[in-house]
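Examining the three-dimensional arrangement
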Amino acid sequence: MTSVTVTTKTSADLPVDALVVGSVRTPDGADLAAGHGLPRKAVVHLQAVLADLEATGKAEEVHRVVAVPGVKATSVVVTGLGEGTTRRTAFEHTVLREAAASALRSVRGKKAVGVALPTPDAESLSAVADGAFAGCYVYDKAAPLPARKGRPAATPVTGPKIVVVSGLGQGKAAKDAVARAGVLGAARDWARDLVNMPPNLLYPQSFADAVKKRAAESSAKITVSVLDEKALVKGGFGGITGVGQGSSNPPRIVTMSWSPSNAKGSVALVGKGITFDTGGLNLKPSTGMVTMKCDMAGAAAVAATVLAAAETGVPVAVTGYLCLAENMPSGTAQRPSDVVVMRNGTSVEILDTDAEGRMVLGDGICLAAEKTPDWIVDIATLTGAQMIALGDDTAGVMGNDDAFRAKVVAAADAAGEGAWPMPLPAALRAKLDTPTADIAHKGDRAGGMLTAAKFLEEFVPEGMTWAHVDIAGPAFNEKGPKGRNPKGGTGFGVSTLLGLVEGHATRA
Ligand code: BES
Ligand code: MN
Ligand code: ZN
């Protein structure tokens, strides 16, 4: 597995396969960015090569140069940081993160990689370590497949050992920041793996098993409990039961807890875990169905956040609720116009079986609320409307408390994940009126992201702080690698939620 550490050693002497340095865009073309620590002859050589390559130093531009004089590494990878001078040390964290990710992506097969980018403070160092780790991700396509007779087992994909070179390296803050980036990176890679896993292999029970296995392997004490389909019926979870009833892979709610003895409060995370969303009887067209293995990305982000919070030892009790179901059409499937009763007793009229996420989350929110946490955040690939409103890379954040919603957005900003606050106008509630039940689960197309959130709000008890994060776009990258993200599952939300939980520990 990929790992990341920090050193104050001289970059040129590192026994690595590749050494990453930065380049900046100057009026005279590309030049090396501060922080490289290379001897004069290496700098002169690299400057000549960059000039010959007509390098510009712009962001996401990566050049690899082999056999650089005075450098022990086999190659030097020059990654663009954009506008700057050779003296500039302060760069935007997003720029550092993405430059490190692009660089590491270009040398993914290597065993050891040094990174010598400008890190004037612990935050910059964090961004570099985070981006470097994130850029190494590869989905191990052979790993989840059963072994085949007569064929040699594929060698497992292993990431490199990353060594970040920084003058801050001796300090505790720097070491902690890099250690955190390593835990976060591994957790996010787990979330990406879960999302990328084919849906015939990842279904509610196998997802629950994967969580149990990962928790058991962890150095931290994480407890996992599972409600199976019988327990869900018995417990009155009509929302998730209804969604799951059309599938031969029955639903589960997995509860994952980190409860340290020094906890300064308790929080709940609820994740949408539709392991495949066909739409149910309101079947999706094939163009809309093809990516729907990603519909469990919220649950994956929650599972990975609980893992990361536990492994970094955040002094807050964190409980994750993974609402796992497969949305299938069949003779036992839910019908549009069915009425179900949720965990809190609210009756709901199903108008469209493709609006299934809010049904599983409603029950999950009720369950989370029963433990009276300080707040609840749910995260979900909930609506296509999120992508219409905010595009592929920016999550929508809604909630019943503007100050808390702002905290969630701020945590996303600090994590380098795109998020934007969206309103929950009271008037939207009328769209959910129906004569047949307490509430209908959808309104019309207009403001579809907001009405979905308005529906969820029904399951949050009066006075409890709650936010909802719609990640339909950012959870899954259909195009090529970009910034920190590979193609496919991005692990979006893990970094934001970990930051949010850490913020709760240090709140005033
Ligand atoms: N899982 C989808 C939302 C989605 C769409 C996620 C595209 C990621 C990419 C969700 O269950 C869904 O189908 N939502 C419907 C709701 C509608 C029927 C009210 C939608 O957005 O069209
Ligand atoms: Mn759906
Ligand atoms: Zn869905």
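Rules of the game
- Residues numbered from 1 in each chain as written.
- Chains lettered and ligands numbered in written order.
- Predicted model: local features only at pLDDT ≥ 70, side-chain atom pairs only at ≥ 80, totals over all residues.
- Heavy atoms only, no water.
- Helix = DSSP H or I, 4+ residues; strand = E, 2+ residues; numbered from the N terminus.
- Buried < 20%, exposed > 50% of the residue type's maximum accessible area, 1.4 Å probe, protein only.
- Contact = heavy atoms within 4.5 Å.
- Areas by Shrake-Rupley, 256 points an atom, 1.4 Å probe, with all protein chains shown as cover.
- Lys, Arg positive; Asp, Glu negative; His and termini not counted.
- Charge placed at Lys NZ, Arg CZ, Asp CG, Glu CD.
- Expected span 1.5 Å × (residues − 1).
- Donors = N, O, S within 2.8 Å, 3.2 Å for Na, K, Ca; no water.
- Tetrahedral: all angles 85-135°; square planar, octahedral: opposite > 155°, others 65-115°.
- Pairing = 2+ DSSP bridges.
- Axes fitted to C-alpha atoms, helices over the stretch in contact; angles between N-to-C directions.
- Domains from an automatic or database assignment.
- Buried area = accessible area lost by both parts, 1.4 Å probe.
- Salt bridge = Lys/Arg side-chain N within 4 Å of Asp/Glu carboxyl O.
- Near = heavy atom within 4 Å.
- Polar contact = N/O pair within 3.5 Å; in protein donor to acceptor, adjacent residues only side chain to side chain.
- Nonpolar A, V, L, I, M, F, W, Y, C, P; charged D, E, K, R; others polar.
- Core = buried A, V, L, I, M, F, W, Y, C linked by side-chain atoms within 4.5 Å.

1. Brief notes about the overall build of the chain
Across its full length, the chain holds 14 helices and 20 strands. A principal-axis box enclosing the C-alpha atoms of the chain has dimensions of 80 × 60 × 45 Å. Expressed as a percentage of its 508 residues, the buried residues of the chain come to 56%. Across the chain, the fraction of contacts at a sequence separation of at least 24, relative to all contacts at a separation of at least 6, is 77%. When the accessible surface of the chain is totalled, it reaches about 20500 Å², and 54% of it is carbon and sulfur. Separation of charge centres in the chain, based on 51 positive and 50 negative side chains, amounts to 7 Å.

2. As for helix H5 (residues 204–217)
When the terminal C-alpha atoms of H5 are compared, their 20 Å separation across 14 residues agrees well with the 20 Å that a helix rising 1.5 Å per residue should span. Packing partners of the buried residues in H5 comprise helix H4 (172–196), strand E8 (223–227), strand E9 (252–258), strand E10 (266–277), helix H9 (297–312) and strand E11 (317–327).

3. Here's the deal with the coordination of the zinc ion (ligand 3)
For the zinc ion (ligand 3), the full set of protein donor atoms is Lys272 (NZ), Asp277 (OD), Asp295 (OD) and Glu356 (OE), at a range of 2.0 to 2.4 Å. Relative to the metal, the 6 donor atoms surrounding the zinc ion (ligand 3) lie at angles of 78 to 172°, and the coordination shape comes out octahedral. Here the manganese ion (ligand 2) and the zinc ion (ligand 3) are spaced 3.2 Å from one another, each receiving a donor from Asp277. Look at Asp277 and you get buried, because its relative accessible area is 3%.

4. Thoughts on the sheet that holds E9
Spatial ordering of the open sheet is given by E8-E9-E11-E10-E14-E18-E15-E16, a layout of 8 strands whose pairing is mixed. Each edge of the sheet is formed by a strand with only one pairing partner; in this case those strands are E8 and strand E16 (418–421). Neighbour to neighbour, the strand axes of the sheet diverge by 20° on average, direction disregarded. Sitting on the sheet, helix H13 (residues 448–457) touches strand E14 (375–380), strand E15 (394–399) and strand E18 (465–470), and the angle it makes with E18 is about 145°.

5. Here's the deal with the domain arrangement of the chain
Domain boundaries in the chain define domain 1 (3–168) and domain 2 (185–505). Listed by partner, the interface residues are 13 residues for domain 1 and 19 residues for domain 2. Of the roughly 1400 Å² buried at the junction of domain 1 and domain 2 (both faces included), carbon and sulfur atoms supply 57%. At the boundary of domain 1 and domain 2, one finds 2 salt bridges.

6. What to know about the site of ligand 1
Close to ligand 1 lie 17 residues; Lys284, Asp295, Asp354, Glu356 and Gly384 are nearest. Within the side chain of Glu356, one N or O atom sits 2.9 Å away from an oxygen atom of ligand 1. For ligand 1, the protein covers 80% of the area, taking 520 Å² as the surface of the free molecule. Taken together, the elements giving at least two residues each to the shell around ligand 1 come down to E10 and helix H11 (384–390). Along the lines of polarity and charge, the residues of the shell around ligand 1 split into 5 nonpolar, 3 polar and 9 charged.

7. Describing the nonpolar core
Formed by 62 residues in total, the largest nonpolar core has its most connected members in Phe207, Val318, Leu322 and Val377. Ranked by the residues each element gives to this core, the list is headed by H9, at 12 residues. Ignoring sequence-local partners within four residues, the contact set of Val318 consists of Met256, Ser257, Trp258, Val267, Leu269, Val306, Ala309 and Val501.

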